[in-house]
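# Secondary and tertiary structure notes
The chain contents come next:
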Amino acid sequence: MAPAPILVRSARCAWQWQWRQLMGGLAPADAAGNYRRPEGVFTSPPPPPPDAAEPGAHVLIVGRSCPWAHRAWLVWSLRQLGGSISLQVAEPDPEAGRWRFRQPFLGCDSLQELYRLCGAPAGVRATVPVLVSPRRGEVLVGESARLIELLNRWPSPVDCDLDPPAQQPLSQAWRQRLQHAVNDGVYRCGFARNQQAYDRAEAALFATLTEAEQQLGDNEATSPWLSGTQPSLADVQLFPTLIRLELVYAPLFGVSRLPLNQLPALWRWRSRFHALPGVADTCWPDAWRQDYFGALFPLHPSGIVPAGPPLATLVGDPPAPGAP
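Attention in this report is confined to the structure presented alongside it. Because the structure is predicted, anything quoted here is derived from the model rather than measured.

Analysis parameters
Residues numbered from 1 in each chain as written. Predicted model: local features only at pLDDT ≥ 70, side-chain atom pairs only at ≥ 80, totals over all residues. Heavy atoms only, no water. 1 Å grid on protein atoms, 1.4 Å probe; cavity = no way out; pocket = protein on both sides within 12 Å on 5 of 7 lines; lining within 4 Å. Points joined across faces, edges and corners; volume = space filled by probe spheres on them. Helix = DSSP H or I, 4+ residues; strand = E, 2+ residues; numbered from the N terminus. Nonpolar A, V, L, I, M, F, W, Y, C, P; charged D, E, K, R; others polar. Phe/Tyr/Trp six-rings, centres within 6.5 Å; stacked < 30°, edge-to-face > 60°. Buried < 20%, exposed > 50% of the residue type's maximum accessible area, 1.4 Å probe, protein only. Lys NZ or Arg CZ within 6 Å of the ring centre and 35° of its normal. Contact = heavy atoms within 4.5 Å. Pairing = 2+ DSSP bridges. Axes fitted to C-alpha atoms, helices over the stretch in contact; angles between N-to-C directions.

### Overview of empty space enclosed by the protein
Enumeration according to the criterion identifies one cavity of 30 Å³ or more in this entry. Forming the boundary of the largest cavity are Pro67, Trp68, Arg71, Asn183, Tyr187, Gln237, Pro240, Thr241 and Tyr249. Those elements that provide at least two residues to the lining of the largest cavity are helix H2 (67-78), helix H5 (168-190) and helix H7 (233-243). In the lining of the largest cavity, the residues fall into five nonpolar, three polar and one charged.

As structure tokens, this is what we get:
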């Protein structure tokens with residue numbers, strides 16, 4: 001027997017109320033229902049310190065599923081900084097809503113404890129990525145946009161400048177546009193509190209991707225990257241979002257209006273970037289799907305991790321026109 005209409009209405013109202021309470025803790029929003037990423041701490045990076053080139057003097061803490069940490073991991077990998085900066089992978093703890101360490105790090109079991117140890121105010125959300133100096137017991141920087149800039153200035157054993165002077169104006173313009181419309185944009189879609197907030201975010205997301213598609217398509221033969229002939233921080237900033245698009249964001253955040261196979265220049269750009277040395281080692285599709293679908297309870301209460309396409313099918317040649 002079907003439940004009585006009054007029970008359905010009551011359950012619906014109760015679930016929507018509870019959903020809003022849960023979302024308030026997961027993803028703060030403004031009065032219009034737009035998701036607003038909380039301000040962080042440790043946002044002002046110093047110049048590279050005197051001991052920057054010393055082996056093991058610094059540790060980069062990342063999480064496999066976090067796209068913001070993925071940016072830093074990419075710069076660390078592309079510039080081959082492993083000789084001077086060790087990599088520490090934190091694990092998500094969905095039950096506690098925090099990042100934890102498999103083994104204590106500086107005596108801390110969680111990233112929240114490390115933040116407190118390094119002087120962060122009580123109650124501040126602890127996020128990855130974080131660059132730490134264990135010998136000084138301090139965080140150098142914990143804001144991803146500033147962190148990738150610092151890592152690009154870090155002493156490197158290879159000639160790899162991800163902010164080429166000739167490309168800086170266009171790279172910076174793309175970075176500012178991508179941050180709001182694409183990197184935050186997929187979250188603004190998924191964490192929107194109402195239809196209007198979602199519509200605004202979704203329109204901005206695909207307008208920006210379409211603009212990137214047009215620029216890449218028009219200049220691909222001579223300028224295969226977002227800001228010119230060399231990969232830049234703009235490309236680093238876009239890749240973690242686009243490599244997760246079909247695997248996570250389209251099914252979970254509702255951003256499937258225009259599949260990437262309908263943006264062939266962007267598809268080829270994604271494949272080119274994935275083929276750069278060291279990039280594939282930063283990609284963990286199983287962890288991405290497990291952490292997003294398994295941890296974001298307000299968006300996916302069942303915790304069931306759905307099947308998805310193998311990563312290899314997303315970084316090869318784009319499907320032929322008309323192919324399923």
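### Examining the packing of aromatic side chains
Going through the model one piece at a time under the given rule, you end up with 15 aromatic pairs. With a centroid separation of 5.6 Å and 90 degrees between ring planes, the pair formed by Tyr249 and Tyr292 is classed as edge-to-face. Residue Tyr249 is found in helix H8 (residues 245-253), and its partner Tyr292 is found in helix H10 (residues 285-295); the two are separated by 43 residues along the sequence. Across this residue pair, the class does not change: Tyr249 and Tyr292 are buried. Consider the rings of Phe253 and Tyr292, whose centres lie 6.2 Å apart with planes at 75 degrees: the pair is edge-to-face. On the criterion of sequence distance, the pair formed by Phe253 in helix H8 and Tyr292 in helix H10 is long-range, its members being 39 residues apart. Exposure class is identical for Phe253 and Tyr292. Each is buried. Ring pairing ties together the aromatic residues Tyr35, Trp68, Tyr187, Phe191, Tyr249, Phe253 and Tyr292, which thus form one cluster. Here the basic side chain of Arg64 rests over the ring of Trp284, its NZ or CZ set 4.4 Å away from the ring centre. Stacked on the ring of Trp288, the Lys or Arg Arg244 has its end atom at 4.3 Å from the ring centre.

### Here's the deal with the side chain of Asn152
One can find Asn152 in helix H4 (residues 144-153). In this structure Asn152 touches Val75, Arg79, Cys160, Asp161, Leu162 and Asp163, once residues within four positions along its chain are discounted.

### Comments concerning the environment of Val236
Among the secondary structure elements, Val236 is positioned in helix H7. A relative accessible area of 0% places Val236 in the buried class. Measuring from C-alpha to C-alpha, the distance between Val236 and Gly123 comes to 30 Å, with 113 residues separating the pair along the chain. Here Val236 is in contact with Arg71, Leu74, Val75, Leu78, Leu162 and Phe273, once residues within four sequence places are set aside.

### Some words on the sheet that holds strand E4 (residues 108-110)
Ordered in space as E4-E3-E2-E1-E5-E6, the six strands form an open sheet in which the pairing is mixed. Each end of this open sheet is capped by a strand with a single partner; those strands are E4 and strand E6 (138-141). Recorded for the sheet is a direction-independent mean angle of 35 degrees between the axes of neighbouring strands. Pairing of strand E3 (residues 98-105) with E4, which is carried by two bridges, proceeds in the antiparallel orientation. Pairing of Arg100 across the sheet is with Ser110, part of E4. H2 contacts strand E1 (58-63) and strand E2 (85-93) of the sheet and is inclined by roughly 135 degrees relative to E1. Where H4 meets the sheet, it contacts E1, E2, strand E5 (130-133) and E6, and its direction lies at approximately 55 degrees from that of E5.

Nothing here speaks to function; it is all geometry.
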